[in-house]
Structure formats: C-alpha cells, structure tokens
Amino acid sequence: MKKIVVLDGYAMNPGDLSFDGIEALGDCTVYDFTKPGEVLERAKDAEILLSNKTRLTAETIAALPKLEYIGILATGYNNVDLEAARNRGIVVANVPAYSTASVAQLAFAHILNITMQVQYHSEQVHAGRWVRNRDFCFWDNTLLELAGKTIGVVGFGHTGAATAAIALGFGMKVAAYTSKPQSQLPEGVRSVSLDELFRQSDIVSLHCPLTPATRGMVNAARIAQMKPTAILINTSRGPVVDEQALADALNAGRIYAAGVDVLSSEPPKPDNPLLSAKNCCITPHMAWATKEARQRLMAVTTDNLRAFLAGRPVNDVTRR
C-alpha cells in the first residue's frame, strides 16, 4: 500500500468528519498541524502528501524522492512549487468549487450585517437598551435596503457568479469585472471596466484569485474612486487589498464600511491596521468552512486520490 501523509488535516477535519475514506486507500498518517521544520521528517517516506497550507517548496520536493502525488486540501495551490512538481512528474490535484455556495453566503452575511447593523443592535439589546426604551422598537444606526442598489462583483468565476445570483434575488443591480464577454453573462449582469465598477457600485465584492496582477489591486487610488457611502467586501485573498489604505479610508469616512474574511497574514499580526479600523467587520477566514463544504472537500479529495491510484488522475493542476 502507498504511504499517505496528511500534513495539516485539522482545518478540513477538526474532529467532526472522518478520514476513513482516505485511510482505506493506503498506509495513512494524519497530522493536525505541521511546522516548516517538521515537513521533511514527516514526509520522508511518503509517496502521497495531502496538504492545505503547508508550503511545499522546490527544495522540499527535491528532498522527497519517493513522492508521486500531492493532494491539495483546497482550491488554491500557491503553496506548492508547481514547476518543481511538474519537472518530477508529480501529480498535484486540487479541489475546485467545493465552497462556492458557502463563500457567497458569507459575502452576503457581511453585507446584511453591515446594511442592517445586526451585530451592533444585538449587542445593544443585550446591554439593556431595548429594555429601557420607551418605544416598542429602537435603532440608532442607519439601516439600508439592498433592492435597487448596485453591487460590483470583481471576478466572475463560480463564487462571483453565485454572489451575483444572490444579489439579483435581493433586487440589486449587478456589475461584473470579468474576462468573460457580455454574451456569456447571466441576464441582469452587465460587464464593466474595473474603474467603472469602483465608481458606480454601492457595494464592491471581491472574488478574484491572488495573482501578480491582483496583488494590491484595491489600493488608495482605487478606493478613492468609490462612493463615500460604499461598502467593500473581501472573501477572496487578503493581499488583494492594501490594508493600510483601506483602514485609512474607513477611519477618515471616505467609504462607509468593509467586511473581510481574509487578511494579508493569517492569523493577523497584532498591528494589522484593519483590526482597529472604524466600521470594519472581520471574520477569521471561515467562509469556506461550513460542514457541508468540508464534507465535499473530503469527498473530492478522496475521489482525486482514488483516481490517481487507478492511473487516471483528475484535477491535476500541473497540466494547466
């Protein structure tokens, strides 16, 4: 049986799922977490590595002569040196689109929390303000209706399209920045330039991959194009946004609010400017982590590995 090592299985399975399907395919060892200095020792005899965030550099891959297969426990594969794997003939398989619905759901959780001030008013109720209120209801922050407002979706892959579909259900207008032609976009979605999207949108929601072109894309100049009433949502990757520029804009009231699920370093450093910025709601990179999404992730990871062992690899990103 092939030796399988899972380097960082905790994120996918903190205890509420089972590795039984993977364990049935080989001699499997599962580690919850692996520090950089532990990778070589733990992986030295592995023919199959499964990993989420553990970095597999060219040097690491070169030091693992038995390695035949790397299974990514995620969609993104930037933690693996693909060129090194390709040169060795190592298959690198990812899991595409498993968390589409969950990420779109959290994007709108942030949007609804900000526009209806859900967290704030719940805190006020628990602080006794409703109990002491003379009227049957109270609110003291502006509440906003989504119908008729424009959401700009940056990136129109699976998650961007799912977010747009939810927006249309709320009666919103949808603008998209995408390489797809207008003819391939759903009814109600119009293609616009990036500058036009930032200028016109009441809400900008980021759904683009992290590439050299998108790193720092949302910078001070781009944010300056936004309406002072605009909301920025980021459920893509932290480095797409210049965090200091966003914090400065929020603190100065140049845009209304932000909701982010990702930061430039995770966990964040204590001095990350968004941690103390005004009107900035931050969730801890959890959009992908619904139980249903993780069940799909486990199932596709198992299917990917089974296909490789049968000599018919699927989702091999080295062939792209």
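Placed above this text is the structure.
Remember, predicted model here, so these are calculated numbers, not experimental data. (Residues numbered from 1 in each chain as written. Predicted model: local features only at pLDDT ≥ 70, side-chain atom pairs only at ≥ 80, totals over all residues. Heavy atoms only, no water.)

Caption draft 1: Structural detail: the pairing of strand S9 (residues 203–206). What you see with S9 is no split at all: Ile-203 and Ser-205 on one side and Val-204 and Leu-206 on the other are buried throughout. In this sheet, strand S10 (residues 231–234) lies alongside S9 in parallel orientation, the contact comprising 4 bridges. In the sheet register, Ser-205 faces S10, and the bridge partner there is Ile-233. (Buried < 20%, exposed > 50% of the residue type's maximum accessible area, 1.4 Å probe, protein only. Helix = DSSP H or I, 4+ residues; strand = E, 2+ residues; numbered from the N terminus. Pairing = 2+ DSSP bridges.)

Caption draft 2: How the structure looks around the sheet that holds strand S5 (residues 91–93). Taking strand neighbours across the sheet as the criterion, the 5 strands line up as S2-S1-S3-S4-S5 in an open arrangement whose pairing is parallel. Edge strands, defined here as strands with exactly one partner in the open sheet, are strand S2 (27–30) and S5. Sheet twist, expressed as the mean angle between neighbouring strand axes with direction ignored, is 15°. In terms of strand pairing, strand S4 (residues 69–72) meets S5 through 3 bridges, oriented parallel. From the neighbouring strand, Ile-70 faces S5, where its bridge partner is Val-92. The strands touched by helix H11 (residues 291–309) within the sheet are strand S1 (3–6), strand S3 (48–51), S4 and S5, with S4 carrying the most contacts at an inclination of about 165°. (Axes fitted to C-alpha atoms, helices over the stretch in contact; angles between N-to-C directions. Contact = heavy atoms within 4.5 Å.)

Caption draft 3: Seen up close, the packing of aromatic side chains. For the coordinates displayed, the defined rule picks out 3 aromatic pairs. When the centroid spacing of 4.6 Å and the interplanar angle of 35° are considered together, the rings of Tyr-69 and Phe-308 count as tilted. Residue Tyr-69 is found in strand S4, and its partner Phe-308 is found in helix H11; the two are separated by 239 residues along the sequence. Across this residue pair, the class does not change: Tyr-69 and Phe-308 are buried. Over the ring of Tyr-31 we find Arg-42, and its NZ or CZ is 4.0 Å from the ring centre. One residue, Arg-222, lies across the ring of Phe-198, its end atom 5.8 Å from the ring centre. (Phe/Tyr/Trp six-rings, centres within 6.5 Å; stacked < 30°, edge-to-face > 60°. Lys NZ or Arg CZ within 6 Å of the ring centre and 35° of its normal.)

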